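Single-letter residue listing:
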Amino acid sequence: MLRHKSEDLADAIFMVIGENELDIKNCRGQSYDNASNMSGVYSGLQARIKGACPYAIFVPCAAHSLNLVGEYAANFCTLGTEFFNFLQALYTFFSASTYRWEILSDYLTNSKNKTIKRLSDTRWAARHEACSSLSQNWTELLKALNSFVENPIENSKTKCESTGLIKKMNRLEMCILVSFWNDILERFNSTSKKLQTIEIDLTIVINLYTSLINYVTDLRNTFSHYEKLAMEKSEIKEYKVVRKKKRKIPYDESCQGDTSFEARESFKINTYFVIIDSLLSELRKRKSCYDDINTMFGFFSNMIDLPVIEVRKKATKLQSQYPEDLDGSFINECIHFHGYLKSLPGIVSPKSILELCKIIEDHNIADVYPYVDIALRMYLCCPVSNTSAERSFSVLKRVKSYLRSSMNDNRLNNLAILNIECEITKSISYNEVIEDFAAQKSHRKI
């Protein structure tokens, strides 16, 4: 049985590589999530792979890293944690019985209304759906909760729970956080979907992270916008007055230098700015991992725009990092390839490394620039996302359900392949297969 320790995982990888007669020395890239047993610098799986092959660059999964950014920011301040706990409590309340869910459905009669969603610890797309539903159905949810309180035959426990949820919704701070987090999660969700695509490369990842940093930075000046939206939605104009804590003053100090803020300024400084600053800090921290790798290969993406001196400098640095893979002629090849790209009619700067590889393949010039071709393929071998591979494992939860509690390995593998490659599965015509199966299994005399 395979355990989850890094040592056991490394042994399993080496065993599979050996069974397929592959050489670990040829590995040039590895990517995992940010779990300590996978990404640990000293004893994680990536460190053990690097011990066998120093050129196997570790790239953290960009989609997993973005999830950690949002999770860290959400748990950084009290109101941020309280907001997401409220989202989950709202779903738990209505989903506790079919009776409550039916009452909620009666208020969400509009076809555009999204039903409330539960939170997910791993998928921030689910958090965006939950926040978007609350933002869109704010008035309808308040009416549904008030119907439980005003119902004279309703039990006291239900009334108490709904009253507590109503009190939280009747706060201007909560309504501001709904609009604020709805915008952020919508951008995070769209970016995360792009980061999970197969054709993603390191340059696009860095550009997407940079765009998120710029977007979150611009939100620092939009507090008044969210405040206005919240007042229009909730019709509440005042903030909750926070009682000032009394500080025990030593005999040699005075309280004259203590700073006190109004409720609005306190929320803006201690919650709004704190969430934004934590988002920026984590985004820059996660992006720095990809910047370090991009300093070696990144010049390929804008080679046309660089002067020859800069191309020579970047190529020399890259060749020194991979002396066993790139010969000394690699530097001259890069300068030659730089001139070749400029000589192409109507050529524009390639948007990705994959486009550069396609130019070499389409023009059949790999034998002219062999080491440039090797360097580009090494860059593409640095995977920036492993979510598409992990999605195959999530299919097993749908395939091996309680209705299929026992099945052999062949059937499980075949069903998993049919679900993983669902697009191909749906495009196949099964009429002939059904007829052949019916003819073989039929017990009636034709």
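Note that the structure is predicted; figures quoted are calculated from it, not measured. (Residues numbered from 1 in each chain as written. Predicted model: local features only at pLDDT ≥ 70, side-chain atom pairs only at ≥ 80, totals over all residues. Heavy atoms only, no water.)

> Got a minute to help me understand the overall build of the chain in this structure?
Within the chain, the regular secondary structure consists of 21 helices and two strands. Considering the chain as a whole, with its 446 residues, one finds that 42% of them fall into the buried category. A separation of at least 24 residues holds for 72% of the contacts in the chain among residues at least 6 apart in sequence. Accessible area for the chain stands at about 26,600 Å²; split by element, carbon and sulfur atoms hold 53% of it. (Helix = DSSP H or I, 4+ residues; strand = E, 2+ residues; numbered from the N terminus. Buried < 20%, exposed > 50% of the residue type's maximum accessible area, 1.4 Å probe, protein only. Contact = heavy atoms within 4.5 Å. Areas by Shrake-Rupley, 256 points an atom, 1.4 Å probe, with all protein chains shown as cover.)

> Help me out: how do you make sense of the environment of Ile365 in this one?
With respect to the helices and strands, the residue Ile365 is situated in the loop between helix H16 (353–362) and helix H17 (370–380). Along the sequence, Ile365 and Phe337 sit 28 residues apart, while their C-alpha atoms lie 10.0 Å from each other. Sequence-distant contacts of Ile365, that is, excluding residues within four places in its chain, are made with Phe337, Tyr340 and Ile360.

> Before we go on, may I ask you to explain the packing of aromatic side chains in this structure?
Aromatic ring pairs are reported here in terms of the distance separating the ring centres and the angle at which the planes meet. For the structure on display, the rule yields 24 aromatic pairs. Ring centres of Phe93 and Phe148 lie 5.3 Å apart, and the angle between their planes is 90°; on these two criteria the pair is classed as edge-to-face. Taken together, the positions of Phe93 in helix H5 (residues 78–95) and Phe148 in helix H8 (residues 138–150) put the pair 55 residues apart, joining distant regions of the chain. Accessibility classification places Phe93 together with Phe148 in one group, the buried group. Ring plane angle 40° and centroid distance 6.1 Å describe the contact between Tyr239 and Phe267, whose orientation is recorded as tilted. (Phe/Tyr/Trp six-rings, centres within 6.5 Å; stacked < 30°, edge-to-face > 60°.)

> Explanation requested: the pattern of salt bridges in the structure shown.
Side-chain pairing between opposite charges can occur once the charged atoms of the two side chains come close. The tally for this structure, following the rule as stated, stands at 13 salt bridges. In this structure, Asp362 and Lys358 form a salt bridge, with 2.9 Å as the shortest nitrogen-oxygen distance. Within this pair, Asp362 and its partner Lys358 are both found in helix H16, separated by four residues, close to a single helical turn. Several salt bridges converge on common partners, so that one network encompasses Glu82, Arg171 and Glu173. (Salt bridge = Lys/Arg side-chain N within 4 Å of Asp/Glu carboxyl O.)

> Quick question: what am I supposed to make of the environment of Glu154 here?
As for its placement among the helices and strands, Glu154 is situated in the loop between H8 and helix H9 (156–169). A distance of 3.2 Å separates polar atoms of two side chains, one belonging to Glu154 and the other to Tyr99. (Polar contact = N/O pair within 3.5 Å; in protein donor to acceptor, adjacent residues only side chain to side chain.)

> Can you help me understand the packing of helix H6 (residues 98–107) against H8 in this one?
Packed helices, taken two at a time, are described by the angle between their axes plus the distance between the axes. Contact geometry of H6 with H8 gives a least axis separation of 9 Å together with a crossing angle of 135°. Regarding the angle of H6 to H8, the classification is oblique. Every pair of crossing elements has a handedness; the one defined by H6 and H8 is right-handed. Of the residues in H8, those touching H6 at Tyr99, Arg100, Ile103, Leu104 and Tyr107 are Glu140, Leu141, Lys143, Ala144, Ser147 and Phe148. Its residues assigned to classes, the contact of H6 with H8 comprises seven nonpolar, one polar and three charged. (Axes fitted to C-alpha atoms, helices over the stretch in contact; angles between N-to-C directions. Parallel < 35°, antiparallel > 145°, perpendicular 65-115°, else oblique. Left-handed = near helix turned anticlockwise from the far one by under 90°. Nonpolar A, V, L, I, M, F, W, Y, C, P; charged D, E, K, R; others polar.)

> Any chance you could explain the state of the cysteines here in plain terms?
Here a disulfide denotes a covalent bond joining the sulfur atom of one cysteine to the sulfur atom of another. Under the criterion given, the structure shown has zero disulfides. No disulfide involves Cys381; its nearest neighbouring cysteine sulfur is the one of Cys382, lying 7.2 Å away. (Disulfide = S-S within 2.5 Å.)

> What am I meant to see in the packing of H5 against H9 here?
Contact pair H5 / H9: the axes reach a minimum separation of 11 Å and the direction vectors enclose 145°. Considering only the axes of H5 and H9, their crossing is left-handed. Between H5 and H9, the residues in contact are Glu82, Phe86, Ala89, Leu90 and Phe93 and Thr158, Glu161, Ser162, Leu165, Lys168 and Met169, respectively. Of the residues belonging to the contact of H5 with H9, the class tally is six nonpolar, two polar and three charged.

> It is not clear to me how the nonpolar core should be interpreted in this structure. Could you clarify?
Most often, soluble globular proteins keep nonpolar side chains buried together rather than apart. Grouped together as the largest cluster of nonpolar side chains are 117 residues, with contacts concentrated most on Phe83, Phe94, Leu134, Phe180, Trp181, Phe300 and Leu318. Setting aside its immediate chain neighbours within four residues, Phe94 contacts Arg100, Trp101, Leu104, Ile116, Leu141, Ala144, Leu145 and Phe148. (Core = buried A, V, L, I, M, F, W, Y, C linked by side-chain atoms within 4.5 Å.)

> Mind showing me how you'd approach H9 here?
Every α-helix carries 3.6 residues per turn, so stepping three or four residues along brings you back to the same face. The end-to-end C-alpha distance of H9 is 20 Å, a good match for the 20 Å that 14 residues give at a rise of 1.5 Å each. Listed as buried for H9 are Thr158, Ser162, Leu165, Ile166 and Met169. Around the axis of H9, the buried residues are gathered within 105° of arc, so they sit on the same side. Across H9 from its buried face, at more than 90 degrees, point the exposed residues Ser156, Lys157, Cys160 and Lys167. N-capping of H9 is provided by Asn155, with a side-chain oxygen placed 3.2 Å from the backbone N of Lys157. (Expected span 1.5 Å × (residues − 1). Arc of directions from axis to C-beta.)

> Explain H17 here, please?
Among the residues of H17, Val372, Asp373, Ala375, Leu376, Met378 and Tyr379 are the ones counted as buried. Those residues of H17 that are buried lie in contact with helix H11 (202–218), helix H13 (263–297), helix H14 (308–321), helix H15 (330–343) and H16.

> Help me out: how do you make sense of a nonpolar patch on the surface in this one?
A cluster of nonpolar residues, Leu418, Ile424, Ile428, Tyr430, Val433 and Ile434, forms a patch on the protein surface that exposes about 550 Å² of accessible area. Its location among the elements puts Ile434 in helix H21 (residues 431–441). (Patch = residues over 30% accessible without salt bridge, like charges linked within 9 Å, V, L, I, M, F, W, Y side chains within 5 Å.)

> What exactly am I supposed to notice about the environment of Tyr290 here?
Checked against the element boundaries, Tyr290 lands in helix H13. Sequence separation between Tyr290 and Tyr209 is 81 residues, and the spatial gap between their C-alpha atoms is 9.7 Å. Setting aside chain neighbours within four positions, we find Tyr290 in contact with Val59, Pro60, Cys61, Ala62, Ser65, Leu202, Val205, Ile206 and Tyr209.

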